[in-house]
Amino acid sequence: MISHPPAVARALHAECLKLKGTLALRAALMAPLLVGLLVAAERPPEAPAQFWGSLLKLAMTAWAIFMLPLTITLESALLAGVEHSNHTWKHVLALPLPRHAVYVAKIVVVAMLAALGTLVVIALVLIVGYVLMLLRPGLASAGAPPWRSMLLLGAKLWLASWLLVALQSWVSLRWPSFTVAIGVGIAGTFVALFASRAAVGMYVPWLLPMNSLSPDRLPLALWLGGAGGVVAAALACLELSGRDEGDPAWPRPRAVAVALIAASLFAGITAAAPTLQRTLEGAEARIRRVESGLTPSLNVKGEATTHTLAERMAFYQVPGMSIAVIDDGKIAWARAYGVIEAGTAVPVVPDTPFQAASISKPVTAIGALSAVQRGELSLDEDVNLRLRAWRVPESEHTSTTKVTLRGLLSHDAGVVEHRTSGYAPSEPIPTTLQVLDGLPPSKDPPITLERAPGGKWGYSGGGYVIVQQLLEDALGKPFPEIMRETVLEPLEMANSSFEQPLRIGWESRAARGHAQDGTPLAERWRRHPEMAAAGLWTTPRDLASLAIDLWRAWRGESGRALTPEMARRMLTREAGSFGLGMMVSGKDRLVAFAHEGANVGYRCSMIMNVETGRGAVVMTNADRGGGLMREVMRSIAREYDWPTFKVVEREPVRVDPALFARYTGRYAPTHAPEATITVTTRDGRLHLQTASMGPSPIEMLPLGENLFFVREDEGEITFRVEADGPASALICAYQGETLVAERIGKGKVP
């Protein structure tokens, strides 16, 4: 029979008296010291605005994921050990004090010790913070610590730990062996380390304190930790009361409690198993599988289409490439392949710089948003208020709505697209002002507005040239210097630079660009005075570090470049599929952020999944590198279990080869008439050839009489046929876009 509160009160009083005779109290005070040492040893953030948040996040993460679960395990085992030693249970039960009252008293004490330890961690954050501010006067502007946020974060973490307190205290009291309690706690803690990124990890009791630090998992952590702790404690009380009364019907609650603990461990082990297996087998085995598992985006049913990386580099005529893979929020590995220039023996290494092309834009956006954080720029004011050397021309497009930094970063300011081919080293390179005004030696028209800001969305490199001038005017420094100080150096991107021309000493180790046929560009590479839009030289490893830092800031940790608030602004969809500089995916919530780049002679791509902490960066030094990098991404996705980059399978149908004669001929795309598409027949099969797809014809497989696909692409090709004559046009549909190519000449059916 469950006792009244006075019994629990007497038991609680006794437990408090016993604390002086155990290590539990000292453990609650000493365990946080390890967290304090970790915080003191960590490099503090440069930006004062991020100072207190960064220290608190680091301390609470270390406390929640590792030290708090182990501390609860040790404290519950130590407190229960008193009853198990010297047959103390018999003496306790000889008094009018039921067993479950002892249990309730113990979980209250363990919970209070957990709260004490959390408060000590917060106190150590304050001590370390003030010491660092004394040692580094530049951090003094960080101001007073956010007391309310600190205490609220600690309270949430503590509430989420109640289920763990209830389970560990029950295990400790139920089994007299100290080893059982310690073993369950240590096993649960280490299983949780591997299960943290899995979906089922949300339900593992040892992970609930850590989950309380994540905005997405906080509600479940509080409900499962708080309410689940009460339920687990009630079940344990029933089981212990049954043992007191000797009722044979009472083992059922015991079975339920045992099942609850077993289910918690099983969920953790299930979630941890894939990660643990991959960890044990090593990165090398995974790298080999990525290198040997390249497939086209489309798989023909019944065909084996797996290739090695070397085979596909030869197929796409890509001399060199570099890869960085992100797993669990860390760079898992970085590898380079091939040579920096075809016909030479100089290898590409992980530190070889490539042109990042349009991936320059999200990096620029981070630099601009860091200026917004410091109050040097505003997202929503008229940029003409800060521009000095040049201004956005006033027109009917700006009569009611002005151009803002938000609009420029999200490609929603109405600025012309402005795609440039760059400048050879032998050509004079224009200044930013000459690019903006379209004046010689600029080869492109002036950058103007073609529609009102906030109207129809349109991707625009020209908008980022305006951002480049805006940063220089507002901060009074050259653009490469601004980016180095605000982004590249804080993120330790040592092999990255916006300098145009390429900085001295880098020419000999930079990757040379290559044309469609795999031959080196005569000028090695093009120079891009539109630095903000296309001028970054970098490596996959540096871009992976940037992606990880942005991901951490988005999760609520203090990034080295952006605060959590600013990172979430950047990764919130503004217009089209873009946030502020980055493409974002996910209908109701952010799932991934990504960007691709294409300069003459270079193709590159980066992606980061925010739910799994997985992603990759791939860079190539060839115009045909786009197909290769997508196959590499697909292989990485399969190995690391990404939810994207899945292979599409199609099954061709039988079509009379005599119909193919209607489709043969040459076609000219309406948007680029010079990019001729040639369709031929060979051995009773239809083939397609374009400069962008390489020198060899590619087989077209039928899905219908006039509907085809190719193995190298997910798109579909339709021939427009009228009566019994030849096809008048070829229509390609891919990812929601349509390309129409009209037949050249009248043509005849043979």
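Look up: the structure comes first, before these words.
These numbers come from a predicted model, not from an experiment. (Residues numbered from 1 in each chain as written. Predicted model: local features only at pLDDT ≥ 70, side-chain atom pairs only at ≥ 80, totals over all residues. Heavy atoms only, no water.)

Draft legend 1. Spotlight on the overall build of the protein. Counting secondary structure elements, the protein contains 22 helices and 18 strands. Across the 750 residues in the protein, those meeting the buried criterion constitute 54%. Contacts in the protein between residues at least 24 apart in sequence constitute 67% of all its contacts with a sequence separation of at least 6. Summed over all atoms, the accessible surface of the protein reaches about 31,700 Å², with 61% contributed by carbon and sulfur. (Helix = DSSP H or I, 4+ residues; strand = E, 2+ residues; numbered from the N terminus. Buried < 20%, exposed > 50% of the residue type's maximum accessible area, 1.4 Å probe, protein only. Contact = heavy atoms within 4.5 Å. Areas by Shrake-Rupley, 256 points an atom, 1.4 Å probe, with all protein chains shown as cover.)

Draft legend 2. Up close: the pattern of salt bridges. For the structure on display, the rule yields 27 salt bridges. For the salt bridge of Asp623 with Arg603, the shortest nitrogen-to-oxygen distance reads 3.3 Å. A residue pair is termed long-range when its members are at least 10 positions apart, and Asp623 in the loop between β9 (614–620) and α22 (625–639) and Arg603 in strand β8 (residues 602–609) qualify at 20 residues. Arg603 carries the same exposure label as Asp623, and that label is buried. A single network of salt bridges, built from pairs that share partners, joins Arg286, Arg289, Asp327, Arg614 and Glu639. (Salt bridge = Lys/Arg side-chain N within 4 Å of Asp/Glu carboxyl O.)

Draft legend 3. Quick peek at helix α2 (residues 24–41). Here α2 spans 27 Å end to end across 18 residues, near enough to the 26 Å set by a 1.5 Å rise per residue. Buried within α2 we find Ala24, Ala27, Ala28, Ala31, Pro32, Val35, Gly36 and Val39. (Expected span 1.5 Å × (residues − 1).)

Draft legend 4. Representation of the sheet that holds strand β6 (residues 583–585) in the model. Pairing is antiparallel in the open sheet, where six strands are placed in the order β3-β2-β9-β8-β7-β6. The sheet is open, and its two borders are formed by β3 (330–338) and β6, each paired with just one other strand. Across this sheet, the average inter-strand angle for adjacent strands is 15°, counted without regard to direction. Inspection of the sheet shows strand β7 (residues 592–599) paired to β8 by eight bridges, in the antiparallel sense. Paired with Asn599 across the strands is Tyr602, a residue of β8. The strands that helix α12 (residues 283–292) touches are β2 (320–327) and β3; relative to β3, the one it contacts most, it runs at about 50°. Against the sheet, helix α20 (residues 540–554) makes contact with β2, β3, β7, β8 and β9, and its axis sits at roughly 25° relative to β2, the strand it touches most. (Pairing = 2+ DSSP bridges. Axes fitted to C-alpha atoms, helices over the stretch in contact; angles between N-to-C directions.)

Draft legend 5. Structural context of the side chain of Ser358. Of note, Ser358 is situated in the loop between β4 (354–355) and α14 (360–373). If near-sequence neighbours (up to four positions away) are discounted, Ser358 is found in contact with Tyr459, Ala533, His595, Glu596, Gly597 and Ala598.

Draft legend 6. Quick peek at the nonpolar core. Among the nonpolar cores identified, the biggest contains 85 residues, and Leu405, Leu409, Ile466, Leu471, Met570, Leu571 and Phe593 are the most heavily contacted of them. Residues in contact with Met570, not counting those within four places in the same chain, are Pro362, Ala365, Ile366, Leu369, Leu550, Leu562, Gly579, Leu580 and Met582. The next biggest cluster of nonpolar side chains, apart from the first, holds 63 residues, and it includes Phe51, Ala64, Val128 and Ala181. (Core = buried A, V, L, I, M, F, W, Y, C linked by side-chain atoms within 4.5 Å.)

Draft legend 7. Expanded view of the side chain of Ser460. Of note, Ser460 is situated in the loop between α16 (432–437) and α17 (461–475). Only 3.3 Å separates the side chain of Ser460 from the backbone oxygen of Val415, close enough to count as a polar contact. A polar contact of 3.0 Å, which involves the side chain of Ser460, links it to the backbone nitrogen of Gly463. If we ignore the near neighbours within four places in the chain, the residues touching Ser460 are Lys361, His411, Val415, Val416 and Glu417. (Polar contact = N/O pair within 3.5 Å; in protein donor to acceptor, adjacent residues only side chain to side chain.)

Draft legend 8. Focus on the environment of Gly338. Structurally, the position occupied by Gly338 is in strand β3. Between the alpha carbons of Gly338 and Ser322 there is a distance of 8.8 Å; along the sequence they are 16 residues apart.

Draft legend 9. Main features of the pairing of strand β16 (residues 716–720). Side chains Ile717 and Phe719 of β16 all project onto a buried face; the interleaved residues Glu716, Thr718 and Arg720 project onto a face where none is buried. Inspection of the sheet shows strand β15 (residues 707–709) paired to β16 by two bridges, in the antiparallel sense. Bridge assignment links Leu707 to a residue of β16, and that residue is Thr718. Between β15 and β16, which follow one another and run antiparallel, lie six residues.

Draft legend 10. Structural context of the environment of Ser696. With respect to the element layout, Ser696 can be found in the loop between β13 (685–689) and β14 (698–702). The sequence separation of Ser696 and Phe315 amounts to 381 residues, and the corresponding C-alpha distance is 9.6 Å.

Draft legend 11. Spatial organisation of the pairing of β9. The element β9 is largely enclosed, with a buried count of seven among its seven residues. Every second residue of β9 is oriented toward a common face, with Arg614, Ala616, Val618 and Thr620 on one face and Gly615, Val617 and Met619 on the other, all of them buried. Where β2 lies against β9, six bridges are found, and the strand directions are antiparallel. Among the inter-strand pairings, Ile323 is bridged to a residue of β9, identified as Val618. Pairing geometry for β8 and β9, over seven bridges, is antiparallel. Note that in β9 the partner of Met606 across the bridge is Val617. A loop of four residues connects β8 with β9, the two strands running antiparallel in sequence, and Gly613 in this loop sits at a positive phi of about 70°.

Draft legend 12. Summary view of the environment of Asp382. By secondary structure assignment, the location of Asp382 is in the loop between α14 and α15 (405–409). Residues Asp382 and Val403 lie 21 residues apart in sequence; the distance between their C-alpha atoms is 5.6 Å. Apart from the residues lying within four places of it in its own chain, the contact partners of Asp382 are Lys402 and Val403. At 3.0 Å, the side chain of Asp382 and the backbone nitrogen of Asn384 are in polar contact.

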